[in-house]
Amino acid sequence: VFPPSVSDYYQFDDLLTAEEQAVRKRVRECMEKEVAPIMTKYWEKAEFPFEVVPKLGALRVAGGGIKGYGCPNLSITANAIATAELARVDASCSTFILVHSSLAMLTIALCGSEAQKQKYLPSLAELKTVACWGLTEPDYGSDASALRTTARKVEGGWILDGQKRWIGNSTFADILVIFARNTSTNQINGFIVKKDAPGLQATKIENKIGLRIVQNGDILMKKVFVPDEDRLSGVNSFQDTSKVLAVSRVMVAWQPIGISMGVYDICHRYLKERKQFGAPLAAFQINQQKLVRMLGNLQAMFLIGWRLCKLYESGKMTPGQASMGKSWISLKARETVSLGRELLGGNGILTDFLVAKAFCDLEPIYTYEGTYDINTLVTGREITGIASFRPAA
Ligand code: FAD
């Protein structure tokens, strides 16, 4: 049984609206009771739990921050709380929703035409269809703005050629949001590609040590035809992609918060239950110090994450702020989760005790949506006015 949540030491809940608290309650209940008991087996087999999708759909969190088109119209804060609650129990579940919602759906909402929004968003919001978001390529990860997949204009549409790597949900997604370089303008454009498009192939990436439930794929596109109606007319340069990333990074920042919450809750219970030297582990000063450090980290993470949401909601958030939130929170979470793994001793490396799974799941989150370093450089550029992504000549 997943332990009760005991990490809200500074009564962060008081800062939340009734709607945000209600979202927290419904996601937490579903994740603890219905999802937690089955996830470890899927994680170990690296399989996707399709049986969970209707439960997640019923939570009404997909497309959370989007207004209209059958989306739940949650505040960004409520969306962030939902992300954390999903990640607290299972980080892969939160990544599945994040890629689908905060990347793919958001790109359609921000950069799509009215017809595209009406056509795609309602069923995506209910998780009756699933989407993925393909930016990264085998040779262009941090350097994604240099991507090489091409989009060539032809009569009635576009021909896409190239490869994508690491694309979450891509092995089964109904629609794929794909970024490619327009061969006429040399700028990045966006497209909605259907899963059965001839010439499209997605192959699962095996042997991951984290987020094993998420199905990441290598995508190969050979002369894939996309009709004009499926070009995202609002994506005309890499800057348009970056706008989506700045928003989704707020959500990604809440994943390490959720993971740290879950690890703290597990450790808190474990230290009281397990005895060594005739006393519960919680009675030893060194263990208390580790637990308090974890809790202190969490309170700071909550407040930075919350403030980011408020900055976004008031229209004041900058890309550098979003990047600093994502990078700093994931750094602190790495420390928090590794203390938790340590506190469980040998059981800290067994998936049965959940901390090991959370420990591994945090690693790809530290790296995706811009690594710690790249997000640091985004903030560094903003505060100094000097870009330092490329080596000095
Ligand atoms: P590299 O760019 O090769 O970086 C390697 C190392 O070098 C890193 O430590 C990096 O910080 C450092 N580095 C690189 N450039 C610089 C620089 N200029 N200055 C300092 N240090 C630098 N992408 C998608 O498009 N869609 C997805 O759904 C998606 N899901 C993912 C899921 C998982 C599990 C993973 C692991 C990745 C996913 N990605 C996805 C890709 C992800 O965003 C990239 O892995 C990430 O941006 C890093 O790129 P890379 O792996 O090529 O590393």
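Throughout what follows, the structure given in this document is the object of discussion.

Conventions adopted
Residues numbered from 1 in each chain as written. Predicted model: local features only at pLDDT ≥ 70, side-chain atom pairs only at ≥ 80, totals over all residues. Heavy atoms only, no water. Helix = DSSP H or I, 4+ residues; strand = E, 2+ residues; numbered from the N terminus. Rg over C-alpha atoms; globule rule 2.2 N^0.38 Å. Buried < 20%, exposed > 50% of the residue type's maximum accessible area, 1.4 Å probe, protein only. Contact = heavy atoms within 4.5 Å. Areas by Shrake-Rupley, 256 points an atom, 1.4 Å probe, with all protein chains shown as cover. Lys, Arg positive; Asp, Glu negative; His and termini not counted. Charge placed at Lys NZ, Arg CZ, Asp CG, Glu CD. Polar contact = N/O pair within 3.5 Å; in protein donor to acceptor, adjacent residues only side chain to side chain. Phe/Tyr/Trp six-rings, centres within 6.5 Å; stacked < 30°, edge-to-face > 60°. Lys NZ or Arg CZ within 6 Å of the ring centre and 35° of its normal. Near = heavy atom within 4 Å. Nonpolar A, V, L, I, M, F, W, Y, C, P; charged D, E, K, R; others polar. Axes fitted to C-alpha atoms, helices over the stretch in contact; angles between N-to-C directions. Parallel < 35°, antiparallel > 145°, perpendicular 65-115°, else oblique. Left-handed = near helix turned anticlockwise from the far one by under 90°. Salt bridge = Lys/Arg side-chain N within 4 Å of Asp/Glu carboxyl O.

1. So, the overall build of the protein
So, point 1. Along its length, the protein carries ten helices and ten strands.
So, point 2. Here the C-alpha atoms of the protein give a radius of gyration of 21 Å, agreeing with the 21 Å that 2.2 N^0.38 yields for 393 residues.
So, point 3. Its C-alpha atoms put the protein at 80 × 50 × 40 Å along the principal axes.
So, point 4. Per-residue burial over the protein gives 55% buried out of 393 residues.
So, point 5. Across the protein, contacts joining residues at least 24 apart in sequence account for 76% of those joining residues at least 6 apart.
So, point 6. By element, 55% of the accessible surface of the protein is carried by carbon and sulfur atoms, the whole surface being about 16800 Å².
So, point 7. Measuring between centres, the 46 positive side-chain charges of the protein sit 2 Å from its 39 negative side-chain charges.

2. Structural notes on the environment of Ile159
So, point 1. Looking at where Ile159 falls in the secondary structure, it is placed in strand β3 (residues 157-168).
So, point 2. Sequence spacing of Ile159 and Gly345 is 186 residues, and the spatial spacing of their C-alpha atoms is 54 Å.
So, point 3. Look past the residues within four positions of Ile159 in its chain and what remains in contact with it is Thr150, Ala151, Arg152, Val154, Lys223, Val224 and Phe225.

3. Digging into the side chain of Thr351
So, point 1. The topology assignment puts Thr351 in the loop between α8 (319-343) and α9 (355-367).
So, point 2. The exposure class assigned to Thr351 is buried, which follows from its relative accessible area of 14%.
So, point 3. Of the polar contacts made by the side chain of Thr351, one reaches the side chain of Glu44; its length is 2.3 Å.
So, point 4. Every residue in contact with Thr351, bar those within four places of it in the chain, is listed here: Thr40, Trp43, Glu44 and Ala356.

4. Considerations on the packing of aromatic side chains
So, point 1. Applying the stated rule across the entire model yields 13 aromatic pairs.
So, point 2. Ring geometry for Phe48 and Phe172: centres 4.7 Å apart, planes at 35 degrees, overall tilted. With Phe48 in the loop between α1 (18-45) and α2 (53-58) and Phe172 in the loop between β3 and β4 (175-182), the pair connects residues that are 124 residues apart, well separated along the chain.
So, point 3. Among the residues examined, Phe48 registers a relative accessible area of 10% and is labelled buried.
So, point 4. Judged by centre distance (5.0 Å) and plane angle (65 degrees), the ring pair of Trp133 and Phe179 falls under edge-to-face. With Trp133 in strand β1 (residues 131-134) and Phe179 in strand β4, the pair connects residues that are 46 residues apart, well separated along the chain.
So, point 5. A residue is classified by how much of its surface remains accessible, and Trp133, at 8% relative accessible area, is buried.
So, point 6. Look at Phe179 and you get buried, because its relative accessible area is 1%.
So, point 7. Feature note: the residues Phe48, Phe50, Phe96 and Phe172 constitute an aromatic cluster, connected by ring pairs.
So, point 8. Positioned above the aromatic ring of Trp43 is the side chain of Arg212, whose terminal nitrogen or guanidinium carbon lies 5.5 Å from the ring centre.

5. Some words on the site of the ligand
So, point 1. Lining the immediate environment of the ligand, one finds 19 residues, of which Thr136, Ser142, Thr371, Asp373 and Phe389 sit closest.
So, point 2. For the ligand, whose accessible area on its own is 970 Å², the fraction buried by protein is 67%.
So, point 3. For the shell around the ligand, the secondary structure elements donating two or more residues are β1, β3, α9 and α10 (372-384).
So, point 4. Split by residue class, the shell around the ligand holds nine nonpolar, eight polar and two charged.

6. Observations concerning unusual backbone geometry
So, point 1. Here the phi dihedral of Gln11 falls at roughly 50 degrees; this positive angle occurs in a residue that is not glycine.
So, point 2. Counting through the fold element by element, Gln11 comes out in the segment before α1.
So, point 3. Its identity is not glycine, yet Lys223 carries a phi of approximately 50 degrees, on the positive side.
So, point 4. The topology assignment puts Lys223 in strand β7 (residues 216-227).

7. With respect to the packing of helix α4 (residues 91-111) against helix α5 (residues 114-125)
So, point 1. Between α4 and α5, the shortest axis-to-axis distance is 9 Å and the interhelical angle comes to 160 degrees. Taken together, the axis directions place α4 and α5 in an arrangement best described as roughly antiparallel. Viewed along their axes, α4 and α5 form a crossing whose handedness is left-handed. Between α4 and α5, the residues in contact are His100, Met105, Ile108 and Ala109 and Gln116, Lys117, Tyr120, Leu121, Leu124 and Ala125, respectively.
So, point 2. Looking at side-chain class alone, the contact of α4 with α5 contains seven nonpolar, two polar and one charged residues.

8. Describing the environment of Val1
So, point 1. Locating Val1 in the fold gives a position in the segment before α1.
So, point 2. Distance from Val1 to Val193, taken between C-alpha atoms, is 41 Å for residues 192 residues apart in sequence.

9. Structural notes on the packing of helix α6 (residues 238-273) against α8
So, point 1. In contact at an axis separation of 8 Å, α6 and α8 are set at 20 degrees when each is read in the N-to-C sense. One element, α6, and the other, α8, form an angle in the roughly parallel class. Classified by chirality, the crossing of α8 by α6 is left-handed.

10. A short note on the pattern of salt bridges
So, point 1. Under the criterion given, the structure shown has 22 salt bridges.
So, point 2. With its nearest N and O atoms 2.8 Å apart, the salt bridge here joins Glu32 to Arg88. Residue Glu32 is found in helix α1, and its partner Arg88 is found in helix α3 (residues 76-89); the two are separated by 56 residues along the sequence.
So, point 3. On the basis of relative accessibility, which here comes to 22%, the residue Glu32 falls in the partly exposed class.
So, point 4. Of the charged contacts in the structure, one is a salt bridge between Glu313 and Lys310, with a shortest N-O distance of 2.9 Å. Pair noted here: Glu313 and Lys310 are both in helix α7 (residues 285-313), with a separation of three residues, about one helical turn.
So, point 5. Exposure remark for Lys310: the relative accessible area of 21% places this residue in the partly exposed category.

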